[in-house]
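# Observations on the model geometry
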Amino acid sequence: MYLSRFLSIHALWVTVSSVLQPSPLVWGHYDVCKTQIYTEEGKVWDYMACQPESTDMTKYLKVKLDPPDITCGDPPETFCAMGNPYMCNNECDASTPELAHPPELMFDFEGRHPSTFWQSATWKEYPKPLQVNITLSWSKTIELTDNIVITFESGRPDQMILEKSLDYGRTWQPYQYYATDCLDAFHMDPKSVKDLSQHTVLEIICTEEYSTGYTTNSKIIHFEIKDRFAFFAGPRLRNMASLYGQLDTTKKLRDFFTVTDLRIRLLRPAVGEIFVDELHLARYFYAISDIKVRGRCKCNLHATVCVYDNSKLTCECEHNTTGPDCGKCKKNYQGRPWSPGSYLPIPKGTANTCIPSISSIGTNVCDNELLHCQNGGTCHNNARCLCPAAYTGILCEKLRCEEAGSCGSGAGQGAAPHGCPALLLLPALLGTASALGL
């Protein structure tokens, strides 16, 4: 009796504690996949939707340049300083570490001195276009959680496109266009994210906000993730429940913030004037000192940990799921179709665990965790379901009147439809039922 009272008090405390948690829990952080709770039948696992923490994803990417020989320094060349475009005695030399500007310097940790950056060759072949594709690949599906930020050490490009791929670079879609003149460059009217709304948040826009040319105090280009989140979660992202609800129910919105690869297409360097100065072509080049991409591994709400091993990101899957994105059920756990976890209901969501296949159950008919007795049945000693009077079957999945052939027109309410998986799998359980003396 005392044990029963203790368990009841503990269960009440768990409930009260969850209510009294600070407000971020109400947003749903989804940092736990399962926890043990106390019920009248003892300790059981409570499964929840879960996802990895947001982190700096540039630590895990691979970068590729096209054309591959576009980096300056081979052969060595001089270029003009950003602060004074007519002071052209700076040197790029790939064979000298202090003067080299390789691609990895787009992502290195740097202090204030010296400034490190990747740099392209200068526009010495003008009027042939100076164009560069910078491809960032993760070999893993990731979900963006913060603004993409690109910091230029040259002037910001007159024309640029940010693109995304969801299929590891096989196909590409534009994310955003950038230009000093959107109408001239891309035949699009200029817009900013502030011109969008909940209904138009997926619109691909061209912005002139980040293409002000060759000035020393204008280095950064943004792709605004948080401003788009704010259409659903409010200006300070305080109503994350609303955002999670939208991400959960609107696949196009969820896919919009999901990528396997990003591509920065630099189409025209900063000119800062109407005409290109052909006498000083060493003024024109691209240089990037930093790229920030913050996000998390996509694990379909079935994992809180993503490991980086052998240059590869993989989710450590829970809920009896498997695969790099936890995108399928483990062997012998295909008792129902795989499904991603759900953010709803806030704050714990729904785990949508994979349950054991009927053929692999053996003598464990039910367990009150994954193998639930149906239609109000209760599990007894993991060996049988005690069914309500109107139901029968291994999992209480069948109406007694169906077995007797006496179901009338009103008696079938609440019955499983003919051809449902539980009835189709019933023959596979007959051997187990015989063994248990049911």
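Owing to the predicted nature of the structure, the values given are computational and were not obtained by experimental measurement. (Residues numbered from 1 in each chain as written. Predicted model: local features only at pLDDT ≥ 70, side-chain atom pairs only at ≥ 80, totals over all residues. Heavy atoms only, no water.)

### Here we look at the overall build of the chain
Scanning the chain for helices and strands turns up nine helices and 24 strands. In the chain, which comprises 438 residues, the proportion classed as buried is 44%. The long-range share in the chain, meaning contacts at least 24 apart out of those at least 6 apart in sequence, stands at 63%. (Helix = DSSP H or I, 4+ residues; strand = E, 2+ residues; numbered from the N terminus. Buried < 20%, exposed > 50% of the residue type's maximum accessible area, 1.4 Å probe, protein only. Contact = heavy atoms within 4.5 Å.)

### Observations regarding the nonpolar core
Formed by 60 residues in total, the largest nonpolar core has its most connected members in Trp 118, Ile 134, Trp 138, Ile 150, Leu 266 and Ile 291. In contact with Trp 138, not counting residues within four places along its chain, are Met 57, Tyr 60, Leu 61, Thr 260, Asp 261, Leu 262, Val 293 and Leu 313. By size, the runner-up hydrophobic cluster in this structure holds 11 residues, among which are Ile 358, Cys 366, Cys 379 and Leu 395. (Core = buried A, V, L, I, M, F, W, Y, C linked by side-chain atoms within 4.5 Å.)

### Re the state of the cysteines
Joining two cysteines, a disulfide is a covalent bond between their sulfur atoms. With the rule as written, the count across this model stands at 10 disulfides. One disulfide bridge connects Cys 33 with Cys 50, the sulfur atoms lying 2.1 Å from each other. Across the S-S bond of Cys 33 and Cys 50 the torsion is about 90 degrees, and the bridge reads as right-handed. Of this pair, Cys 33 sits in the loop between helix 2 (24-27) and strand 1 (34-39) while Cys 50 sits in the loop between strand 2 (42-47) and strand 3 (55-56), placing them 17 residues apart in sequence. Using a relative accessible area of 5% as the deciding quantity, one classes Cys 33 as buried. (Disulfide = S-S within 2.5 Å.)

### Focus on the packing of aromatic side chains
This model, assessed by the stated rule, comprises 14 aromatic pairs. Taking 4.8 Å as the distance between ring centres and 50 degrees as the angle between the ring planes, the aromatic pair formed by Tyr 177 and Phe 186 counts as tilted. There is no split in this pair, since Tyr 177 and Phe 186 are both buried. An aromatic cluster is built from Tyr 175, Phe 223, Phe 229, Phe 256 and Phe 257, whose rings are joined through pairwise contacts. Positioned above the aromatic ring of Trp 45, the side-chain terminus of Lys 34 is 4.5 Å from the ring centre. When the ring centre of Trp 172 is taken as reference, the NZ or CZ atom of Arg 263 above it lies at 4.2 Å. (Phe/Tyr/Trp six-rings, centres within 6.5 Å; stacked < 30°, edge-to-face > 60°. Lys NZ or Arg CZ within 6 Å of the ring centre and 35° of its normal.)

### Side note on the pattern of salt bridges
Per the stated rule, a full pass over the model turns up 14 salt bridges. Across the pair Asp 146 and Lys 226 runs a salt bridge whose closest N-O atoms are separated by 3.8 Å. With Asp 146 in the loop between strand 8 (132-144) and strand 9 (148-152) and Lys 226 in helix 4 (residues 226-233), the pair connects residues that are 80 residues apart, well separated along the chain. By relative accessible area, which is 22% here, Asp 146 ends up partly exposed. Because the salt bridges share partners, they merge into one network encompassing Glu 163, Arg 263 and Arg 265. (Salt bridge = Lys/Arg side-chain N within 4 Å of Asp/Glu carboxyl O.)

### A short note on the environment of Pro 157
When you line up the elements, Pro 157 lands in the loop between strand 9 and strand 10 (159-165). On the basis of relative accessibility, which here comes to 1%, the residue Pro 157 falls in the buried class. As a C-alpha pair, Pro 157 and Tyr 286 span 129 residues in sequence and 7.5 Å in three-dimensional space. Dropping the residues within four chain positions of it, Pro 157 is found in contact with Phe 152, Ser 211, Ile 221, Leu 266, Arg 268, Pro 269, Ala 270 and Tyr 286.

### So, unusual backbone geometry
Residue Pro 75 follows Asp 74 across a cis peptide bond; omega there is 10 degrees. Relative to the elements of secondary structure, Pro 75 occurs in the loop between strand 4 (62-66) and strand 5 (77-79). The phi angle at Asn 320 is positive, at roughly 60 degrees, despite the residue not being glycine. Among the secondary structure elements, Asn 320 is positioned in the loop between strand 18 (312-315) and strand 19 (321-322). For Asn 320, a relative accessible area of 18% puts it in the buried group.

### Concerning the confidence of the model for the chain
Looking at the chain as a whole, the pLDDT averages 82, with 79% of positions reaching at least 70. Taken together, the stretch residues 1-27 has pLDDT below 50 and engages in 15 contacts with residues farther than four places along the chain or on a different chain. Counted against residues more than four places away or in other chains, residues 409-438, with its pLDDT under 50, gives 34 contacts. (pLDDT = per-residue confidence, 0-100.)

### Remarks on the pairing of strand 13 (residues 220-223)
Of the two faces of strand 13, the one holding Ile 221 and Phe 223 is buried and the one holding Ile 220 and His 222 is not buried anywhere. Where strand 9 meets strand 13, four bridges bridge the pair, whose relative direction is antiparallel. Paired with Ile 150 across the strands is Ile 221, a residue of strand 13. (Pairing = 2+ DSSP bridges.)

### Brief notes about the sheet that holds strand 13
Pairing is antiparallel in the open sheet, where four strands are placed in the order 7-15-9-13. The open sheet has two free edges, formed respectively by strand 7 (118-119) and strand 13, since each of these has just one partner strand.

### Considerations on helix 4
Among the residues of helix 4, those classed as buried are Arg 228, Phe 229, Phe 232 and Ala 233. Buried residues along helix 4 cover an arc of 130 degrees about the axis, so they all sit on one side. On its buried face, helix 4 sits against strand 8, strand 11 (173-179), strand 13, helix 5 (240-249) and helix 6 (251-256). Downstream of helix 4 by one or two residues, Gly 234 has phi in the positive range, about 90 degrees. (Arc of directions from axis to C-beta.)

### Remarks on the packing of helix 4 against helix 5
The geometry of helix 4 relative to helix 5 is characterised by a closest axis approach of 7 Å and an angle of 100 degrees between their N-to-C directions. It follows that helix 4 is roughly perpendicular to helix 5 by the angle criterion. Each of Phe 229, Phe 232 and Ala 233 in helix 4 lies in contact with helix 5, whose residues at this interface are Met 240, Ser 242, Leu 243 and Gln 246. Looking at the contact of helix 4 with helix 5 residue by residue, the classes come out as five nonpolar, two polar and no charged. (Axes fitted to C-alpha atoms, helices over the stretch in contact; angles between N-to-C directions. Parallel < 35°, antiparallel > 145°, perpendicular 65-115°, else oblique. Nonpolar A, V, L, I, M, F, W, Y, C, P; charged D, E, K, R; others polar.)

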